[in-house]
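Summary of the model geometry
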Amino acid sequence: MKTLRAWLVRLSGTFHRTRAERDLADELDAHLQLHIDDGIRAGLTPAEARRAARLALGSVDSIREAYRERARVPWLTAIGRDLWFASRVFRRQPGFAIGAVLTLALGVGVNTAVFGVVDAVVLRPLPYPSPERIVEIAGPGQGLVRFGRVLEVWPQALRAESTFGAIGLYVPGGANLGGEEAVRVAAAAVSPGFFDALAARPALGRTFTEADLAVSGSVVVLSNRIWRERFRADPAAVGQQVRIDGLTFDVIGVMPPGVSYPDGTALWLPTNGGTGVMGQIPVAKIVARLRDGVPLTAVRDRVVAAAGLRGHRATSLRVLPLRDALVGPVVPIAALVWIGAAVVLFMACVNVANLLLARVSRRHREFAVRRALGATRGQLVRQGIVESAILSFLGALLALPAAWWTIATARVVLPATLHGVPEIAFDVRFVAAMAVFSMLVAVLAGAGPSLAIARTKSALPTAAPVAGDRGWARFRGALIVGQIAASLVLLAAAAALVQSMRDLMQINIGARAERALAIEMNLPRARYESPAMAADFVARLDRALREIPGVEEVGVANQLPGRAPELLLAHPVAVQGHAGPGAPADGLLLNASPGFFAAAGIDLLAGRAFSDQDRTGSAPAAIVTEGFARLLGARPQDLIGRRLGESTRENAAPETIVGVVADVRLRGPEGRFETAVYVPYAVSPARVGATFVVVRAERDPLALAPAIRAAVARLDPDLPLYNMRTFDQIRSALVTERRLAMLAIVIFAILAVVLAAIGVYSVVSYAVELRTREIGIRLAIGATRWVMCREIVGSGLRQAIAGVSAGSAVALWMSTVASSTVHELARVSPALVVVVASGTVAVAVGATLVPALRAARVDPARTLQAE
Amino acid sequence: MTKKSDVWQGTLALMVLRTLQAMGPMHGYGLARRIEQTSGDALLLNYGTLYPALLRLEQEGYVTSAWGASENNRKAKFYRLTAGGRRQAERATHEWRRATAIVDRFLEPEQSS
């Protein structure tokens, strides 16, 4: 306590020193005076008394020194002096200081922003206790018929044995929240065990119990975000009511912040929720908490045994730690982006280190003089460290708003369903990361120069700086080679990513809908009680939309290419008269309105599309896909007029196949073509999940959006339309993370190349500066300017070629490693490397041109005169 | 004349505190002379060391200082013990006594038996 107080006083003394020193002088004067008075009283002459008093007091200077030591914090004063000196040095060369600060700001800003995102999305621990024991069990994949029945058996079967402490089912989906102006939010139907498996305790209220399932009461648990937005964080929200899909629900609980599993869920409903939340086809996932001591590897076998699964169903079962399930897919992308950011940081540090090193050589004289005047080596090194610390501190200060803006943007543009995105925030971890990065930068950029300073000899050097510090020149050259190599690797990665993204966007998904707009909506059961009511609404909507000027075609379906859930449920469908090895063929059961195939650009290969005559009561019709026919070993036209083995609906006559259409990739360009059997929407409308409306426009489809909204509002003002997008936008949305990562890498690659060019430029131009005298002499004795120019460019070219060779090898090697572990990352082809390498060499040589021309313009006469 | 001892580290603060406690507010020169007197002129105080020591005591809050006039009307800085300083003087005295008592036991002749 006392020590602290003394320190505070000393700290203040560090800054208010003059008064204290005057005080001490006065006090010592008084002391002498009193002593002299005593001496005179004792009979000495005034002169003798003065002498005696001075002798007794000792050296006033050393007292003052000791007093000063005690009054202040001496090293703090020294650092203050260094700071002041450094700021003067920087003021004298503002160009250097600004360049260095901007470069460091770039490195620190990029890395802090990337950290902010990666931290939230990947690094931060899950907000549940012992998250390593939570596993996600994804069902045995598509093609499993009667999956739901198995799921009903699972929880009991699995609970009976000792593998799981808790187990819960959930079905991810969406719901319309609110009455008027309802909004679409991510929602999940969950069983009571769901929250137990996560061990997520509500911040307010309670979670579901078995009793909530038994009665058909409507209860809901809110996410923290929705609670804040809808209830303004009102603690009394529990017990209040919200409207979901047109029904009234009691709020029974609110989750703590951060809990938004699965996929950014805003509402959790019990599995009997009676809403459209159960997704397109009710395929549940399972989340479970392992008991202590149960090894992860044993879980799968036990689940397979308990559920009695065999063959494909058993082998396709996935048991993943929750963290891997949430974070795993983005790890390679995040790693790639971070490597890119680290390269930019490295480049920035190298450039600033190079600048500082060159300055150390230029200031050689200054350092030598200061050494000769008594500055210790430590003091000079401290000066060097203070200078790089100031630069990096200013850089961090400049980078802070930019990094803040970047993560604020990332929060908006990254898909909200991606784990952790809502948690991206400007917080303590972020600021701490920035501090760490700026310190790292200070050390990386300042270490070399400080070492160089430490080697300064105290002897006064000759008038010109010594050109022969070979070690440092070689070190700087190696840094440049490293820079060129790193920028080439980044450039190759960026080019490969761009290429693969372009390929991805060009993959045929079976639907050509350049001018089509897709809209999603959920028809709440509360309002559309019977299938007939839903079918009637859709028919009226279809007519209303066709009346909008500029609309070419309108179609409705319960599934859209690129919008299918992860798991699709295929059924075996037989066709009468086809009993070959492929029969019955597996197909998804989908529905479509008459205009759907034309609106979505799905080719009709044989027969006809549905018409308005295909409705309940008329002869049942079906359309199958080309792939379905292929599974049966039939040509498309052979199937026209055939009947299905049995109806896709209960208690109905088997449908007659009236047409064959192309297969589509329902899960987007990376999914496969799905075989399917379509029935008319009017006969079998979507009862759960989304209804997709496709509007093909004559010109710009997005221009029709207001008219479409108005048309829907006239029919049902409470029905929220959501995800109004073109097919291209749907396709892009599937790869948002990768697209953003690609964008980041492209930006980093450009920055890296620019930094490398600056690096080459600064090193070569410094070399020219050092060699001015030599060049002048050589020009004077007959060397041509062309030779000088070629020599300078040649030195740059050598470094560029060394860097490019190393970089190419690394890029190819990394591509091999990456593509063997993560298939979706693009491969770097040798041809691409050649292109990128030539580009890099060109940039590097370009950067040497300016100093080379400067070398060629050296005036021999003036150089010789300067001797 | 016997050789005078230097004041060893740490004890000067105690002497200053005790002297101020006994004599009330004093200026630096007076303190120095008083300490020498109390020691029976056995101690030779290096006056120069006194002022940093006083500064330290002031920083620690044991003494306060103020300018005033000496007995022969010279301007001088007077040091006064604070309440904390008084407590510190008691504490330090107690500790010093204990320490010397322990050392004393080693110096007793019968200790060797």
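In what follows, the structure referred to is the one given above.
Since this is a predicted model, take the numbers as computed values, not measurements.

Some points on the overall build of chain A
Scanning chain A from terminus to terminus reveals 28 helices and 20 strands. Considering chain A as a whole, with its 867 residues, one finds that 50% of them fall into the buried category. Here the analysis covers contacts within chain A between residues at least 6 apart in sequence; of these, 81% occur between residues at least 24 apart. Surface exposure of chain A reaches about 39,300 Å², of which carbon and sulfur atoms provide 60%.

Examining the sheet that holds strand β2 (residues 26-27) of chain B
All names here are of chain B. Reading across the sheet, the 3 strands line up as β2-β5-β4 and stay open at both edges, with antiparallel pairing between neighbours. With one partner strand each, in any of the chains shown, β2 and β4 (63-69) form the two edges of the open sheet. Pairing geometry for β2 and strand β5 (residues 75-81), over 2 bridges, is antiparallel. Bridge pairing in β5 links Met 26 to Tyr 79. Contacts between helix α3 (residues 47-59) and the sheet are confined to β4 and β5, with β4 contributing the most and set at about 120 degrees to the helix.

Focus on the environment of A:Asp638
Tracing the chain through its elements places A:Asp638 in helix α22 (residues 636-639). Remark: the alpha-carbon pair of A:Asp638 and A:Ala606, spanning 32 residues in sequence, is separated by 9.1 Å.

Regarding α3(B)
All names here are of chain B. Taking 1.5 Å per residue as the helical rise, α3 with its 13 residues ought to reach 18 Å, and the 19 Å between its terminal C-alpha atoms agrees with that figure. With 10 of 13 residues buried, α3 lies mostly within the body of the structure. At the C-terminal side of α3, Gly 61 shows a positive phi close to 85 degrees.

Things to note about empty space enclosed by the protein
All names here are of chain A. Taken as a whole, this structure holds 7 cavities of 30 Å³ or more when the rule is applied. Every residue lining the largest cavity is listed: Leu 356, Arg 359, Val 360, Arg 363, Phe 367, Gly 384, Glu 387, Ser 388, Pro 449 and Ile 453. At the level of elements, α14 (331-362), α16 (377-413) and α17 (428-454) are the ones that each hand at least two residues to the lining of the largest cavity. Split into classes, the residues belonging to the lining of the largest cavity amount to 5 nonpolar, 2 polar and 3 charged. As for the second largest cavity, its lining consists of Ile 484, Ser 487, Val 753, Ala 756, Ala 757, Val 760, Thr 840, Val 843 and Ala 844.

As for the packing of aromatic side chains
Residue and element names in this part refer to chain A. Within the structure shown, the criterion is met by 10 aromatic pairs over all chains. Ring geometry for Phe 597 against Tyr 678: centres 4.9 Å apart, planes inclined by 90 degrees, an arrangement best described as edge-to-face. With Phe 597 in helix α20 (residues 596-600) and Tyr 678 in strand β18 (residues 676-680), the pair connects residues that are 81 residues apart, well separated along the chain. The same class applies to Phe 597 and to Tyr 678, which are both buried. Each residue in the set Phe 194, Phe 195, Phe 208, Tyr 261 and Trp 268 is aromatic and connected to the rest through ring pairs, giving one cluster. Here Arg 665 stacks its cationic end above the ring of Phe 673, 4.1 Å away from the centre of that ring.

Here we look at the interface of chain A and chain B
In this assembly, 25 residues from chain A lie in contact with 24 residues from chain B. Buried surface at the junction of chain A and chain B, summed over both partners, amounts to about 2,300 Å²; 58% is from carbon and sulfur atoms. Close ionic contact of B:Arg33 with A:Asp38 constitutes a salt bridge, the shortest N to O distance being 3.7 Å. The interface formed by chain A and chain B contains 6 residue pairs in polar contact (both at pLDDT 80 or more). Of all the secondary structure elements, the ones that give two or more residues to the side of chain A that touches chain B are α1 (2-15), α2 (17-41), α3 (46-57) and α4 (60-71) of chain A. Per-class residue counts for the side of chain A that touches chain B are 12 nonpolar, 3 polar and 10 charged.

Observations regarding the pattern of salt bridges
Residue and element names in this part refer to chain A. One pass over the full model with this rule turns up 23 salt bridges over all chains. One salt bridge connects Arg 515 with Glu 552, and the closest N-O pair in it is separated by 3.3 Å. Here Glu 552 lies in strand β12 (residues 551-557) and Arg 515 lies in the loop between α18 (470-506) and β11 (516-521), a separation of 37 residues in the sequence. Among the residues examined, Glu 552 registers a relative accessible area of 41% and is labelled partly exposed. Two residues, Arg 608 and Asp 614, come together in a salt bridge whose shortest N-O distance is 2.8 Å.

Re the environment of A:Phe85
Residue and element names in this part refer to chain A. One can find Phe 85 in helix α5 (residues 74-92). Taking C-alpha positions, Phe 85 is 9.6 Å from Val 386, a pair spaced 301 residues apart along the chain. With residues near it in sequence (within four places) discarded, Phe 85 still touches Arg 363, Glu 366, Arg 370 and Gln 383.

Details of the pairing of strand β1 (residues 134-138) of chain A
Residue and element names in this part refer to chain A. Across the 5 residues that make up β1, a large majority, 5, are buried. Across 4 bridges, the pairing between β1 and strand β9 (residues 285-290) is antiparallel. Each bridged residue has a counterpart across the sheet, and for Ile 134 the counterpart in β9 is Arg 289. Where β1 and strand β10 (residues 318-321) come together, 4 bridges link them in antiparallel fashion. Its bridge partner being in β10, Glu 136 is matched across the sheet by Leu 320.

Considerations on the environment of A:His578
Positionally, A:His578 belongs in the loop between β13 (570-573) and β14 (585-592). With relative accessibility at 17%, the residue A:His578 sits in the buried group.

Cut-offs and rules
- Residues numbered from 1 in each chain as written.
- Chains lettered and ligands numbered in written order.
- Predicted model: local features only at pLDDT ≥ 70, side-chain atom pairs only at ≥ 80, totals over all residues.
- Heavy atoms only, no water.
- Helix = DSSP H or I, 4+ residues; strand = E, 2+ residues; numbered from the N terminus.
- Buried < 20%, exposed > 50% of the residue type's maximum accessible area, 1.4 Å probe, protein only.
- Contact = heavy atoms within 4.5 Å.
- Areas by Shrake-Rupley, 256 points an atom, 1.4 Å probe, with all protein chains shown as cover.
- Pairing = 2+ DSSP bridges.
- Axes fitted to C-alpha atoms, helices over the stretch in contact; angles between N-to-C directions.
- Expected span 1.5 Å × (residues − 1).
- 1 Å grid on protein atoms, 1.4 Å probe; cavity = no way out; pocket = protein on both sides within 12 Å on 5 of 7 lines; lining within 4 Å.
- Points joined across faces, edges and corners; volume = space filled by probe spheres on them.
- Nonpolar A, V, L, I, M, F, W, Y, C, P; charged D, E, K, R; others polar.
- Phe/Tyr/Trp six-rings, centres within 6.5 Å; stacked < 30°, edge-to-face > 60°.
- Lys NZ or Arg CZ within 6 Å of the ring centre and 35° of its normal.
- Buried area = accessible area lost by both parts, 1.4 Å probe.
- Salt bridge = Lys/Arg side-chain N within 4 Å of Asp/Glu carboxyl O.
- Polar contact = N/O pair within 3.5 Å; in protein donor to acceptor, adjacent residues only side chain to side chain.

Nothing here speaks to function; it is geometry throughout.
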